[in-house]
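Coordinate inspection notes
In case you want the letters, here they are:
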Amino acid sequence: MCKALPLSLVLSVVVFSPLDVLAHDNQKLEFTPFIGYRLDGDFEQTDPATGIETELSLEDKASYGFSIAWPYSDQRQGEFLISHYQTDFTSHNASLFSAHNKIDVTYLHIGGNVPLTHVPVPIKFSGGLGLTYLAPQSSRFDSESQFSVNLGLQARLPINEQLAFRVDARLFATFFDSDGEIFCSNQGCIASVSSELWLQGEITAGLSFSF
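In this text, all values refer to a predicted model and were calculated from it rather than measured experimentally. All residue numbers here refer to positions counted from 1 along the written sequence of the relevant chain. In view of the model being predicted, local features appear only for residues whose pLDDT reaches at least 70, and side-chain atom pairs are presented and counted only at 80 or more, with totals across whole chains, interfaces and linings using the full set of residues. Each side-chain value is derived from all of the structure's non-hydrogen atoms; neither hydrogens nor water enter the calculation.

**A word on the overall build of the protein**
As a reminder of what qualifies: Secondary structure elements follow DSSP: runs of H or I of four or more residues count as helices, runs of E of two or more count as strands, with numbering from the N terminus. Exposure categories follow from relative accessible area, calculated using a 1.4 Å probe and restricted to protein chains: below 20% of the type maximum is buried, above 50% is exposed, and the middle band is partly exposed. We get accessible surface area from the Shrake-Rupley algorithm with a probe of 1.4 Å; when it comes to residues, only the shown protein chains can shield them.
When its secondary structure is counted, the protein shows 1 helix and 12 strands. The buried share of the protein, taken over its 211 residues, is 47%. Of the roughly 10600 Å² that the protein leaves accessible, carbon and sulfur atoms contribute 62%.

The following block contains the structure:
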């Protein structure tokens, strides 16, 4: 967790803004519901009897969510993001857990967008920080809340003054204690992490409504 702090400070200085600075009459609030596709994100498993390591594999699946963006300086925005998906995970060790089950993974981030180009289809750099909430649907196992950040690119195709088509590609990085166990119950834990970073990618598309 300590290695995450410098990155969060850099993102805060370069990308983010104070939430109470909503200047510039020529800019508007934007609400963007979206659908997407979430990629990667496997965990490790260790058989307590044999010590053999396998994987707890999360399937790539559709995601959905929304963002709210507000102006804070010329062409820059602050942004609040919620992105959620429910996926199946496959355990290769049935003694630790059933062969198939489901897990919800939700990102709640606050960040911002900075323009990179000013062409008719502008490209923006996006960044944010917040929490990752991981919740196995089985009530036998604990949920996990961890600090996370995201970085990405955004393209917007204006349709009219109030509406635009938006595409985002983001990389989410969740910070864990290395060699820690997760999704635990009184019967044991079903997964572990050997690295401080857990990565997922996401591609989304949505409509931005300006107010």
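**With respect to the packing of aromatic side chains**
By convention here, two paired aromatic rings are described through the distance between centres and the angle between planes. Put simply, the test is: For Phe, Tyr and Trp, where Trp contributes only its six-membered ring, two rings pair if their centres lie within 6.5 Å, and the inter-plane angle classes them as stacked under 30 degrees, edge-to-face over 60, or tilted in between.
Tallying each qualifying case throughout the model produces 3 aromatic pairs. Ring centres of F31 and F66 lie 5.8 Å apart, and the angle between their planes is 45°; on these two criteria the pair is classed as tilted. Of the two residues, F31 is situated in strand β1 (residues 30–39) and F66 in strand β4 (residues 61–73); the sequence distance between them amounts to 35 residues. You can call F66 partly exposed: its relative accessible area is 27%. Residues Y107 and F172 carry aromatic rings whose centres are separated by 4.0 Å and whose planes lie at 15° to one another, so their mutual orientation is stacked. Of this pair, Y107 sits in strand β6 (residues 100–115) while F172 is found in strand β9 (residues 163–175), placing the two residues 65 residues apart along the sequence. Classification of Y107 as buried rests on a relative accessible area of 0%.

**With respect to the pattern of salt bridges**
Spelled out, the test is: Salt-bridge detection follows one rule: a side-chain nitrogen of Lys or Arg within 4 Å of a carboxyl oxygen of Asp or Glu.
Tallying each qualifying case throughout the model produces 8 salt bridges. Among the ionic pairs, E202 bridges to R38, the shortest N-O distance being 2.9 Å. One end of the pair, E202, is in strand β12 (residues 197–210); the other, R38, is in strand β1, and 164 residues separate them in sequence. Of the two residues, E202 and R38, both sit in the buried class. Between K61 and D88 there is a salt bridge; the shortest N-O distance is 2.7 Å. In this pair, K61 is assigned in strand β4 and D88 in strand β5 (residues 76–91), connecting sequence segments 27 residues apart. Linked by salt bridges that have partners in common, E79, R166, D168 and R170 make up one network.

**Overview of the pairing of strand β8 (residues 144–158)**
Using the following cut-off: Two strands are counted as paired when DSSP detects at least two bridges linking them.
Taken together, the 12 bridges between strand β7 (residues 123–136) and β8 define a ladder with antiparallel strand orientation. Bridge assignment links F125 to a residue of β8, and that residue is L153. Relative to β9, β8 is paired through 11 bridges, and the arrangement is antiparallel. Looking across to β9, one finds that S148 is bridged to T174. Counted along the chain from β8 to the antiparallel partner β9, the turn is 4 residues long.

**Some points on the nonpolar core**
The nonpolar side chains of a soluble globular protein tend to be buried with one another. The criterion, for reference: Residue types Ala, Val, Leu, Ile, Met, Phe, Trp, Tyr and Cys, when buried and joined through side-chain atoms within 4.5 Å, form a set referred to as a nonpolar core.
F43, L58, L134, F176, I182, F183 and W198 are the most contacted members of the largest nonpolar core, which totals 18 residues. Elements represented by at least two residues in this core include exactly β3 (53–58), β5, β6, β10 (180–185) and β11 (188–193). In terms of nonpolar packing, the next biggest core, distinct from the first, is built from 5 residues, F147, V149, A173 and F175 among them.

**Describing the pairing of β9**
In this sheet, β12 lies alongside β9 in antiparallel orientation, the contact comprising 13 bridges. Bridge pairing links A169 to I203 in β12.

**Here we look at the environment of T174**
Here is the rule: Two residues form a contact once any of their heavy atoms are found within 4.5 Å. In protein, a polar contact requires one atom able to donate a hydrogen and another able to accept it; more generally it is a pair of N or O atoms within 3.5 Å, and residues adjacent in sequence count only if both atoms are side-chain atoms.
Relative to the helices and strands, T174 resides in strand β9. Each C-alpha atom of the pair T174 and V149 lies 6.6 Å from the other, and the pair is 25 residues apart in sequence. Excluding its chain neighbours within four sequence positions, the residues that come into contact with T174 are Y107, T132, Q146, F147, S148, E196, L197 and W198. A polar atom in the side chain of T174 sits 2.9 Å from the side chain of T132.

Honestly, it's all geometry; don't read function into it.
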